[in-house]
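# Per-entry structural report
Spelled out, the chains give:
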Amino acid sequence: MFKEFVMENNPTAFCHASTIIKLRTGEYMCCWFGGTHEGNPDVAIYSSRKTDLGWTAPQKLADGVEANWNPVLFYREDGTLQLFYKEGQKIAEWKTFTRLSEDDGITWSEPVELVAGDTSGGRGPVRNKPIRLSTGRILAGGSTEHGIWQAFADISDDNCSSWHKSSDIKIANLVYREGEKTAESNIAVSAQSFFGRGVIQPSLWEDEQGLVHMLLRSSEGFVYRSDSHDKGLSWSNAYPLTLPNNNSGLDLVQAPFDGELYLLCNPVAANWGVRSPMSLFRSTDNGCTWEKLYDLATEKSEFSYPAIIADMEGLTMTFTWKRENIVCFHISKDELKPSSKNIPYVVPYLF
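This report concerns the structure included in the present document.

How each quantity is defined
Residues numbered from 1 in each chain as written. Predicted model: local features only at pLDDT ≥ 70, side-chain atom pairs only at ≥ 80, totals over all residues. Heavy atoms only, no water. 1 Å grid on protein atoms, 1.4 Å probe; cavity = no way out; pocket = protein on both sides within 12 Å on 5 of 7 lines; lining within 4 Å. Points joined across faces, edges and corners; volume = space filled by probe spheres on them. Helix = DSSP H or I, 4+ residues; strand = E, 2+ residues; numbered from the N terminus. Nonpolar A, V, L, I, M, F, W, Y, C, P; charged D, E, K, R; others polar. Buried < 20%, exposed > 50% of the residue type's maximum accessible area, 1.4 Å probe, protein only. Pairing = 2+ DSSP bridges. Salt bridge = Lys/Arg side-chain N within 4 Å of Asp/Glu carboxyl O. Axes fitted to C-alpha atoms, helices over the stretch in contact; angles between N-to-C directions.

## What to know about empty space enclosed by the protein
Summary: where empty space remains is shown by rolling a probe the size of a single water molecule over the atoms. Taken as a whole, this structure holds three cavities of 30 Å³ or more when the rule is applied. Quantified by volume, the largest cavity comes out at close to 130 Å³. Considering the residues around the largest cavity, the lining is formed by 18 residues, among which E38, I91, S193, R217 and Y305 are closest to the centre. When residues of the lining of the largest cavity are traced back to their parent elements, those giving at least two are β7 (68-75) and β15 (197-206). Counted by class, the lining of the largest cavity contains nine nonpolar, four polar and five charged residues. Roughly 70 Å³ of internal volume is contained in the second largest cavity. Surrounding the second largest cavity, S18, T19, I20, R127, N128, K129, D251, P306, A307, I308 and I309 form its lining. At the level of secondary structure, the elements contributing two or more residues to the lining of the second largest cavity comprise β2 (14-22) and β23 (303-311). In terms of residue count, the dominant contributor to the lining of the second largest cavity is β23 (four residues). Looking at the lining of the second largest cavity, its residues break down into five nonpolar, three polar and three charged.

So, in structure tokens, the structure goes:
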């Protein structure tokens, strides 16, 4: 296992919400948002590349008039690198913008709105990487935060050129009184985040039978799941797993070296609960049960919004480190083999 920080010097007061991708060159590229405080107009998207000399100094990649949020990197089938990100002061009304690179992130096109004129509260991936199905279809996990939070899959059948939405994914019979604050917390998020209930920020996978599934962040104390039998067009109501969730981001990947699912999250059963530990889990039964492999960070601080990718060598993961830096972990596939040290999941102690 190898741990490193992406930044030697952070150019902003805080940083959050990383995305990572392995470039065709073999290098890595990481993006995140940063500024004076989450939700402020000066918050921009930053990027860094890992070269033979280490991570490059952060470069500003997108800086709209309003706050910027949640970058996501993804390769189109033709090798074009695409950046998705949100812009807007109000989360419920933000828009998704995109930029393209033909040279693996060296130069970029001008930003354009992903779905022109959209007023739904953001299209395309809301936080986690899209997936490409066995049919070639691309699914991006989207969500909206209008009182009752709900998710959807944004669908592209033409290499990310156009998008159409799936059915909505929500928790059945969930009740929310408009304007009601659902939690008190000292987590350094935008204050508007503490209103609303439901499920957001899906992370997706396709199983061996061609069925598609997602895990979702929730306000209800547990990770929720939804399933699709028609390649992402329609979805079941979200239902809870036994895996706790603190209403913070999660991400998973299906590893090419063993076909299993690996999940990175904060397993804490409390709405807006503490964002520690950051733990890595594995499922060998298509996401029904999960075994904890490692705690990657355990201090009484914030470790949040993970991103996880995999290749034939192992896993690469990034997440927010105390809002001061982005940390990157590399774990080889040999370190993920079954071991007597791997223990079944149990609910961790809450600080």
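## Some words on the layout of surface pockets
In this structure, the largest pocket encloses a volume near 700 Å³. Lining the largest pocket are 30 residues, with K129, V253, Q254, I309 and A310 positioned closest to its centre. Taken together, the elements giving at least two residues each to the lining of the largest pocket come down to β2, β7, β11 (131-132), β15, β19 (251-254), β23, β24 (314-321) and β25 (325-332). The leading source of residues in the lining of the largest pocket is β15, at four residues. The residue inventory of the lining of the largest pocket, partitioned by class, reads 18 nonpolar, six polar and six charged.

## Overview of the pairing of β24
Counting buried positions along β24 yields eight of eight residues, so the element is predominantly enclosed. Pairing between β23 and β24: seven bridges, direction antiparallel. Note that in β24 the partner of I309 across the bridge is T316. Here β23 folds back onto β24 in antiparallel fashion, the turn holding two residues. Sheet topology note: the β24/β25 ladder contains eight bridges and is antiparallel. For F319, the partnering residue across the bridge sits in β25 and is V327. Counting the residues in the hairpin turn of β24 and β25 gives three residues, including K322, whose phi is positive at 60°.

## Points about the pattern of salt bridges
A complete count under the given rule lists 22 salt bridges for this structure. A salt bridge links E113 to K95; the shortest N-O distance between them is 3.9 Å. Of this pair, E113 sits in strand β10 (residues 112-113) while K95 sits in strand β9 (residues 95-101), and the two are 18 residues apart along the sequence. Residue class for K95 comes out partly exposed when judged on its relative accessible area of 28%. R275 serves as the salt-bridge partner of E302, at 2.9 Å between the closest nitrogen and oxygen. Here R275 lies in the loop between β20 (261-265) and β21 (278-283) and E302 lies in the loop between β22 (291-297) and β23, a separation of 27 residues in the sequence.

## Digging into the sheet that holds β23
Taken in spatial order, the four strands line up as β1-β25-β24-β23 in an open sheet, and their pairing is antiparallel. Across the chains shown, the open sheet's two edge strands, defined by having one partner strand only, are β1 (2-5) and β23. Averaged over all pairs of adjacent strands, the angle between their axes in this sheet comes to 20°, without regard to strand direction. Inspection of the sheet shows β1 paired to β25 by four bridges, in the antiparallel sense. Counted as the bridge partner of F2 is H330 from β25.

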